[in-house]
Amino acid sequence: MLLAGIGIDDILHKDKVDLAKVFISNPVIEVYNKSGGKLQAKDTDSIYQKLTTQFKRISIKEIFVQNGIFINHNIVKNSINKITGITITMHDLLIDSSTQFDKSRFLFAKDAAITIINYRLPTADSLYFVKLGSLNLSTAAHKITLRNILVQPRLTRQQFEARLTTRKYLYNLSVPEIIFSGLDWRQLINRHNFIVQEATVNKGNMNVFLDRSLPFAKVKQNNFLHQLLLRIPIPVNVSKVLLRQLNMVYTEYNPGVAKTGNIYLDNVSGTIFNLTNMPQQIKRDHQMVLQSSGLFMHKVLLRNTFHFDLSKYKTGNFTMALEVGKLDSSILNPITEPMAEFMFKKGVINKGTVNLQGDNYKVSGNGLLLYDDLYLVGLKKNNNEPGKLKKKEILSFIGNLLLIKNSNPSKVYRFSNSVTK
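This one's a predicted model, so the numbers in the text were calculated from it and none came from an experiment.

Student: What's the story with the pairing of strand 8 (residues 143-153) in this structure? I'm lost.
Tutor: Strand direction decides the pairing type here: strand 7 (residues 128-138) and strand 8, joined by 10 bridges, are antiparallel. For Ser 138, the partnering residue across the bridge sits in strand 8 and is Lys 143. Joining the antiparallel neighbours strand 7 and strand 8 is a turn of four residues, in which His 142 adopts a positive phi near 55 degrees. Taken together, the eight bridges between strand 8 and strand 9 (residues 170-181) define a ladder with antiparallel strand orientation. Residue pairing in the sheet places Arg 147 in a bridge with Glu 177 of strand 9.

As structure tokens, then:
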């Protein structure tokens, strides 16, 4: 530790300390948490009350902490969480009678900046690493900035599937930047409540893979977005989340035709309103709304709106409205051939809309499909020519003859269905 602007005699004989700069290198801070532990009376005294037994006033213009290490011991869970590479800068720290109740200060400083670099931890199932390039917190700006966020599998695709007995999605996520603005850092520090006015997610990329050659897994309930939110162990309230230029790829292997298909969503932008799990906020507004739009298969505009009922999260109530623009065989066949085992031989879908409502147990809704000159062909694996498909002649003939009209722009085709999860 380096102190600038004070001598030993000043510390020994003065009740007022004024420092220009404090520099601390490589400190290790260890905290032991025991849930349910009772505080002693001496522990409830404020920092000011403890310090004023020796000093009436402490003033430090700048405090700089370099390469700090924070170790959190959870005694109940018998776990240790270690964070390295911590840098802290604090300006205009003042401890006296005028600042002991000053809520605008962070630990008696006018402003503080905390930076953490190269943080990594495994997920609870040990299948992924969550990596963080840097975290920057500014108390003066009420902002947290996360950069280079990665969720990466710890195993290759082949290793991942070798551990599975049923179907499971494999995820890979990268986000260059997430900014939380309007942070209530006093709630975060004192009550562990994460409350911000706005979050911005910039230019993320997500890849999801599923191998359908594995057996079906039992469908898990309580996995809708609002249900996952309500399971977060700390109170969260984000008034608005801005999604900007996100890209998503869903890849699926179909053993029926021994082919893999990809669904692309590009340049997805939108807004999530009222992202919260705090009961008092849910009483004021029980709807979480997600509105977004993007390009389907690199070309076609797609819009959707979700409403999640936070007051009915236990049953998972939600509604969805989706609209997609003009689609032809060049867009649809790369999806339908490998994934659904049919192709569009000719025709154009001019517009499609879907409206759904559902919960943990069922999904029902209706849709509208407008098309011209539509003809579909069923497909199956060609055992004589590996890697190629052949027509299901009879099924294609019956389907197009009985189920599909050539065109329907003048008469709307609607459907309604109910699906048990």
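Next comes the rest of the description.
Student: Is there a simple way to explain the pattern of salt bridges in this structure?
Tutor: Oppositely charged side chains may form a pair once their charged atoms are brought near each other. This structure, assessed with the given rule, holds seven salt bridges. A salt bridge links Asp 373 to Lys 346, with the nearest nitrogen and oxygen atoms 3.7 Å apart. Remark: Lys 346 occurs in strand 18 (residues 342-358) and Asp 373 occurs in strand 19 (residues 362-381); sequence separation between them is 27 residues. The class for Lys 346 is partly exposed, based on a relative accessible area of 41%. The shortest N-O distance in the salt bridge between Lys 362 and Asp 359 comes to 3.4 Å. With relative accessibility at 41%, the residue Lys 362 sits in the partly exposed group.

Student: Any chance you could explain helix 7 (residues 329-340) here in plain terms?
Tutor: Residue pairs three or four apart in sequence face the same way in an α-helix, which turns once every 3.6 residues. Given a rise of 1.5 Å per residue, 12 residues ought to cover 16 Å, yet the end C-alpha atoms of helix 7 are separated by just 14 Å, more than 12% below that figure. The complete set of buried residues in helix 7 reads Ile 331, Leu 332, Asn 333, Ile 335, Thr 336, Pro 338 and Met 339. The inward-facing, buried residues of helix 7 abut strand 12 (236-254), strand 13 (259-276), strand 14 (287-296), strand 15 (300-309), strand 17 (327-328) and strand 18. Looking one or two residues beyond helix 7, the residue adopting positive phi is Glu 341, at roughly 65 degrees.

Student: Any chance you could explain the packing of aromatic side chains here in plain terms?
Tutor: The geometry of an aromatic ring pair comes down to the distance between the two centres and the angle between the two planes. Applying the stated rule across the entire model yields eight aromatic pairs. Taking the centre distance of 5.7 Å and the plane angle of 5 degrees together, the rings of Phe 306 and Phe 308 count as stacked. Residue Phe 308 is classed as buried on the basis of its relative accessible area, which comes to 6%. One aromatic cluster is present, formed by Tyr 169, Tyr 171 and Tyr 250 through successive ring pairs. Seen from the ring of Phe 129, Arg 120 lies directly overhead, with NZ or CZ sitting 4.0 Å from the centre. One cation-aromatic arrangement involves Arg 157 over Phe 209; the distance from NZ or CZ to the ring centre is 3.7 Å.

Student: Looking at this model, I keep getting lost on the environment of Gly 204. Mind explaining?
Tutor: Inspection of the secondary structure assignment puts Gly 204 in the loop between strand 10 (194-202) and strand 11 (205-211). Under the relative-accessibility criterion, Gly 204 is labelled buried at 5%. Taking C-alpha positions, Gly 204 is 6.3 Å from Asn 247, a pair spaced 43 residues apart along the chain. Ignoring any residue separated from it by four or fewer positions in sequence, one finds Gly 204 in contact with Ser 174, Val 175, Pro 176, Gln 245, Leu 246 and Asn 247.

Student: What is the right way to look at the nonpolar core in this model?
Tutor: Note that soluble globular proteins tend to have their nonpolar side chains buried in a common cluster. In this structure, Leu 93, Phe 180, Phe 194, Val 238, Val 241 and Leu 275 are the most contacted members of the largest nonpolar core, which totals 49 residues. Setting aside chain neighbours within four positions, we find Phe 180 in contact with His 142, Lys 143, Ile 144, Leu 146, Phe 194, Val 196, Glu 198 and Ala 199. Phe 296, Met 297, Leu 332 and Tyr 371 belong to the second largest nonpolar core, which has 15 residues in total.

Student: What should I look at first to understand the confidence of the model for the protein chain in this one?
Tutor: A low pLDDT means the predicted coordinates there should not be read in detail. Residues with a pLDDT of 70 or more make up 82% of the protein chain, whose mean pLDDT is 84. Of the regions scoring below 50 in pLDDT, residues 36-45 engages in four contacts with residues more than four places distant in sequence or in other chains.

Student: Is there a simple way to explain the pairing of strand 15 in this structure?
Tutor: Both strand 14 and strand 15 contribute to a ladder of 10 bridges, which runs antiparallel. Bridging across to strand 15, Gln 291 finds its partner in Thr 305. Taken together, strand 14 and the strand that follows it, strand 15, pair antiparallel across an intervening segment of three residues, in which Met 297 is found at a positive phi of about 55 degrees. Note that strand 15 and strand 16 (residues 318-324) share seven bridges and pair antiparallel. When the bridges of strand 16 are listed, His 307 appears paired with Thr 319.

Definitions and limits used
- Residues numbered from 1 in each chain as written.
- Predicted model: local features only at pLDDT ≥ 70, side-chain atom pairs only at ≥ 80, totals over all residues.
- Heavy atoms only, no water.
- Pairing = 2+ DSSP bridges.
- Helix = DSSP H or I, 4+ residues; strand = E, 2+ residues; numbered from the N terminus.
- Salt bridge = Lys/Arg side-chain N within 4 Å of Asp/Glu carboxyl O.
- Buried < 20%, exposed > 50% of the residue type's maximum accessible area, 1.4 Å probe, protein only.
- Expected span 1.5 Å × (residues − 1).
- Contact = heavy atoms within 4.5 Å.
- Phe/Tyr/Trp six-rings, centres within 6.5 Å; stacked < 30°, edge-to-face > 60°.
- Lys NZ or Arg CZ within 6 Å of the ring centre and 35° of its normal.
- Core = buried A, V, L, I, M, F, W, Y, C linked by side-chain atoms within 4.5 Å.
- pLDDT = per-residue confidence, 0-100.

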